[in-house]
Amino acid sequence: MESLQQQCQGAGSGGIFNAAAARTAGLQRVFDVAITALEVFCCAKQQPWQGFTDQFVLVVMTTPGLAVAAAGPIKARLLDPAVLRLQLLPVSTRLASQGQLSGLAALHCLANLAQLVTGCSPLPNKSNDRQPQLQAATGASQPFSDPQTAWAFCGAVMHLLAAASKPASKSFVFIKQHKQRLHNGRNAANGSQYEGEVASNDISQANGSRASATEVLQQGCWMLASQQHLLQLMKVLTSHSQDGIVVWAGYCVHLLQDCHRITQLSGKKEPNAATDSKGNRNSIDSSSLSKSVLNVIAFHPGLLPAMWRWLALTAGLPLEAPLQASRGLDIAAVAGGPEGMQPHVVLVLGLFCRSLAQLLLVLDDADLHTHQTPFSLGTSRAVVSTLNSLVFHTWFPDASQALKQHQQRQQQLPQQRMQQQQQALAITQAATTAAYGMELVRQHAPVVLRGYYERDARQRFCQPNLWTEPYSNLMASLNAQHKQERSTVATTAAVVQALLVGVGLGSEDSDGDNPATSITSPALRAGASSSGSPVSPATVVGAGVPGLRTGALASLLRCAPQAVPFCARLELFRQMLQQDKARGRWNLSPVEGGPPSLKLTVRRDVLLEDAYRGLGGAGHNIKARLQVTFVNAQGLAEAGIDQGGLMKELLEQIVAAGTQPEYGLFTTTQGSGLLYPNPAAEAIPQGLALLKFLGR
């Protein structure tokens, strides 16, 4: 290793190994000796040989361009399972998890490993072509024929990506310490000179690491997001164990999350359409690596169904849901919310939700109903009922039910399956990986649920009571315990206040003197049960069921309002209007202490345009009393004093004009003819602004 370091320094790299040095014949010979030592001592557990492998990874594998510069025989020996699977991959994983390998050094190590394993070459530094020429190797990469190597590779990629998203200076300190240990035998003068060179180079690289991190991802790690690589990896991992999908999900999630974080750490603005400052088409940047992974999973016809089958088998979720079902729409397996589920299930579910949200951006009604892609309608209903229950129980978890379900599933698992599951968990049990999965579920499960709800509103494919079933069941449980327990209750005004001022769940729950509360208003507790009978009043329950807490219900109404019955939402809306009027005195005249009236003059032939110009920028003042003056076709003001009638006529005319087909702001559903915002309205000049104006 000392000879290797001397060759690196002699090649003019200033003590830091680079690709130019790797092409020298002398260094290739030193490579040969170092790899021979790795092969000979691959089974040795003594500390000196572990230290040798650590130094090899820190000094050699962090070399920019090593995988390209190394000779063919050197690459073949590095790919030997005794070297790659038993030493390089686990040591890289350990060093990254311990913080000894991070920042830019971790990215260079990742790029070298990715290029060695996949057999792909890095992209050129600059490309002016509209479509970058991706230099992919022909055929399947040999290392992925071994499932154990694939598992170890995924673990190394996850830890290296997580380490690369951390500050880079720490890894350079460790590399510097290792290099200094290698030269302890040198004389003091030479050692002092070498330390100065290394320190200077370390500082310069640490300062430039953020600027070049996206370039390393862009040029050296593009193959990690390719469809061929991801599909091959999925096939090999699941051939070893059906729980290999957990490792694959962790691999993809780290590519999604860490590449985005590295882009943010780099301090660069993400270019539009992957173009550089001169307008030239660039190869994949770090953010588009995430998009590439996302698009492969979302648009491949078999990946999302495979993930859902695994979730149904492992977590007890329904594989399909018949349209005739009237019970069992509140999925018990997710009754504890995301926190009540196992971390590896949350990880796969998070990737599933994120990818499905991407697909829903382009999935139209014909794809869902006619072509039934990516799922059949029965599977789509199962996905909707599961996510509907999950989002609801995110705010109203039933921990006892979730624990019961988990214990039943664990008892049913055979011993061999349990061992395979533990092996998958060992790779994905890092706190960062679990946090990524939870973050994806919390962010994108409501997005997917909203997307399916909008499609169901246009053309029904779900049961009408599916959306409110969890609410109805919870209210029935609260009512059952009402006779046994007494506690403080919350009024409708409390929920309204939470919605108006944005009170979250934490502010209420942090108050130890304020127990969990329920809603006492008849409309709020009138969610129909599965049998169709109304639910009677309810109060707070014991430890098993949290009850309808004010802040939780307000948060649920923000992210999934369809989970609360319409009558309850209607009463809340009316209460919000009443409170807003009282606070702003919008219903009072200026003489009575209200705000000044808003004067508006509109021409009847261009009524919508004039109303938008006059009221679109009014802000909160639009709630004040309006004094409307109409101008006829001759340009003359119409006679009349506005005592409320002209304002009412104006509002009716605005709505009537905005829904006319010639504006293109709204379209109708098939069969029922109901109006809904036109998805193509964003292409109309000021289309989105007009929709917002009509909604106000």
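Here the structure is a predicted model, which means the values were calculated and not measured.

Right, let's get into the nonpolar core. Ranked by internal contacts, the top residues of the largest apolar core, which has 143 residues, are Trp248, Tyr251, Phe352, Leu356, Tyr452 and Leu556. Leave out the neighbours within four places in its chain, and tryptophan 248 touches Leu230, Leu233, Met234, Leu237, Ile297, Leu303, Met307 and Leu351. Formed by 16 residues, the second largest nonpolar core is a distinct cluster that contains Leu607, Ala618, Val628 and Ala657.

Turning our eyes to something else, we now look at unusual backbone geometry. The phi angle of most residues is negative, glycine excepted, and most peptide bonds adopt the trans form. Each neighbour pair has its own omega, and for threonine 373 with proline 374 the value is 0 degrees, a cis peptide bond. Residue glutamine 372 is not a glycine yet carries a positive backbone phi of 50 degrees. Topologically, glutamine 372 is positioned in the loop between α17 (365-371) and α18 (377-395). Exposure remark for glutamine 372: the relative accessible area of 32% places this residue in the partly exposed category.

Our focus in this paragraph is the pattern of salt bridges. Proximity of charged atoms lets side chains of opposite charge pair with each other. Scanning the entire structure with this criterion turns up 12 salt bridges. Note that aspartate 54 is salt-bridged to arginine 94, the shortest N-O span being 2.5 Å. Here aspartate 54, found in helix α4 (residues 47-61), pairs with arginine 94, found in helix α7 (residues 84-97); they are 40 residues apart in sequence, far enough to count as distant. Residue classification places aspartate 54 among the buried residues on the basis of a relative accessible area of 11%. Here arginine 613 and aspartate 610 are joined by a salt bridge, their closest N and O atoms 2.4 Å apart. Here arginine 613 pairs with aspartate 610, and both are found in helix α27 (residues 607-615), just 3 residues apart, close to one helical turn. Of the residues examined, aspartate 610 reaches a relative accessible area of 8% and is grouped as buried. Put simply, Asp580, Arg583 and Lys623 are held in one network by salt bridges that share partners.

Two elements in contact, helix α16 (residues 343-360) and α18, have axes separated by 13 Å at closest approach and are oriented at 115 degrees. In terms of axis orientation, α16 runs roughly perpendicular to α18. Two packed elements cross with a definite hand, and for α16 against α18 that hand is left-handed. Facing Leu349, Phe352, Cys353 and Leu356 of α16, the residues of α18 in contact are Val383, Leu387 and Leu390. Residue composition of the contact of α16 with α18, grouped by class: 7 nonpolar, no polar and no charged.

Consecutive side chains along a regular strand alternate between the two faces of the sheet. Side chains of strand β1 (residues 598-603) alternate between two faces, with Leu598, Leu600 and Val602 buried and Lys599, Thr601 and Arg603 left unburied. Taken together, β1, α27 and strand β2 (residues 626-631) constitute a β-α-β crossover, and its handedness is right-handed.

Okay, a nonpolar patch on the surface next. There is a patch of nonpolar side chains on the surface, built from Phe299, Leu361 and Val362 and spanning about 320 Å² of accessible area. Along the chain, leucine 361 falls in the loop between α16 and α17.

Under the defined criterion, the tally for this structure stands at 7 aromatic pairs. On the numbers, 6.0 Å between centres and 40 degrees between planes, the contact of phenylalanine 352 with phenylalanine 375 is tilted. With phenylalanine 352 in helix α16 and phenylalanine 375 in the loop between α17 and α18, this pair connects stretches of sequence that are 23 residues apart. Judged by its relative accessible area of 3%, phenylalanine 375 is buried. Aromatic side chains tyrosine 453 and tryptophan 467 sit 5.0 Å apart centroid to centroid with 85 degrees between the ring planes, which places their arrangement in the edge-to-face category. Of this pair, tyrosine 453 sits in helix α21 (residues 431-458) while tryptophan 467 sits in the loop between α21 and α22 (469-482), and the two are 14 residues apart along the sequence. Judged by relative accessible area, which is 4%, tryptophan 467 ranks as buried. Each residue in the set Trp308, Phe352 and Phe375 is aromatic and connected to the rest through ring pairs, giving one cluster.

Structurally, asparagine 473 can be placed in helix α22. C-alpha separation for the pair asparagine 473 and aspartate 330, spaced 143 residues apart in sequence, amounts to 7.9 Å.

Mean pLDDT over the protein chain stands at 74; residues scoring 70 or higher make up 66%. Ignoring residues within four places in sequence, the model shows residues 268-286, a span with pLDDT below 50, making 36 contacts including any to other chains. Every residue in residues 485-490 scores below 50 in pLDDT, and together they form 20 contacts with partners more than four places removed in sequence or on other chains.

Under the defined criterion, the tally for this structure stands at 0 disulfides. A disulfide-free cysteine, cysteine 252 has its sulfur positioned 8.2 Å from the sulfur of cysteine 154, the nearest such atom. Using a relative accessible area of 0% as the deciding quantity, one classes cysteine 252 as buried. Note on cysteine 259: no disulfide assigned, nearest cysteine sulfur contributed by cysteine 221 at a separation of 7.6 Å. According to the relative accessible area criterion, cysteine 259 is buried, its value standing at 1%.

Moving on to the packing of helix α8 (residues 103-118) against helix α9 (residues 147-164). α9 packs onto α8 with a crossing angle of 155 degrees between their chain directions and a minimal axis gap of 8 Å. Taken together, the axis directions place α8 and α9 in an arrangement best described as roughly antiparallel. Between α8 and α9 lies a crossing whose hand is left-handed. Together, Gly103, Ala106, Leu107, Cys109, Leu110, Leu113, Ala114 and Val117 of α8 and Phe153, Val157, Leu160, Leu161, Ala163 and Ala164 of α9 make up the contact between the two elements. Looking at the contact of α8 with α9 residue by residue, the class counts come to 13 nonpolar, 1 polar and no charged.

Turning to the pairing of β2, a few remarks are in order. Note that β1 and β2 share 6 bridges and pair parallel. By the bridge assignment, lysine 599 is partnered in β2 with glutamine 627.

Moving on to helix α28 (residues 645-658). Residues spaced three or four apart along an α-helix point in a common direction, a consequence of the helix completing one turn every 3.6 residues. The end-to-end C-alpha distance of α28 is 20 Å, a good match for the 20 Å that 14 residues give at a rise of 1.5 Å each. Looking at the packing, one finds that the buried side of α28 touches β1, α27, β2, β3 (666-668) and α29 (687-695).

As for its placement among the helices and strands, serine 385 is situated in helix α18. Classification of serine 385 by relative accessible area gives buried; the value is 3%. Here the side chain of serine 385 touches alanine 382 through a polar contact of 3.0 Å, landing on its backbone oxygen. For serine 385, the contacting residues outside a window of four places in its chain are Pro318, Leu329, Ile331 and Leu466.

Glancing now at α16. The end-to-end C-alpha distance of α16 is 25 Å, a good match for the 26 Å that 18 residues give at a rise of 1.5 Å each. In terms of burial, α16 is largely enclosed, as 16 of its 18 residues are buried.

Thresholds, definitions, all that
Residues numbered from 1 in each chain as written. Predicted model: local features only at pLDDT ≥ 70, side-chain atom pairs only at ≥ 80, totals over all residues. Heavy atoms only, no water. Core = buried A, V, L, I, M, F, W, Y, C linked by side-chain atoms within 4.5 Å. Buried < 20%, exposed > 50% of the residue type's maximum accessible area, 1.4 Å probe, protein only. Contact = heavy atoms within 4.5 Å. Helix = DSSP H or I, 4+ residues; strand = E, 2+ residues; numbered from the N terminus. Salt bridge = Lys/Arg side-chain N within 4 Å of Asp/Glu carboxyl O. Axes fitted to C-alpha atoms, helices over the stretch in contact; angles between N-to-C directions. Parallel < 35°, antiparallel > 145°, perpendicular 65-115°, else oblique. Left-handed = near helix turned anticlockwise from the far one by under 90°. Nonpolar A, V, L, I, M, F, W, Y, C, P; charged D, E, K, R; others polar. Right-handed = clockwise from strand over helix to strand, strands pointing away. Patch = residues over 30% accessible without salt bridge, like charges linked within 9 Å, V, L, I, M, F, W, Y side chains within 5 Å. Areas by Shrake-Rupley, 256 points an atom, 1.4 Å probe, with all protein chains shown as cover. Phe/Tyr/Trp six-rings, centres within 6.5 Å; stacked < 30°, edge-to-face > 60°. pLDDT = per-residue confidence, 0-100. Disulfide = S-S within 2.5 Å. Pairing = 2+ DSSP bridges. Expected span 1.5 Å × (residues − 1). Polar contact = N/O pair within 3.5 Å; in protein donor to acceptor, adjacent residues only side chain to side chain.

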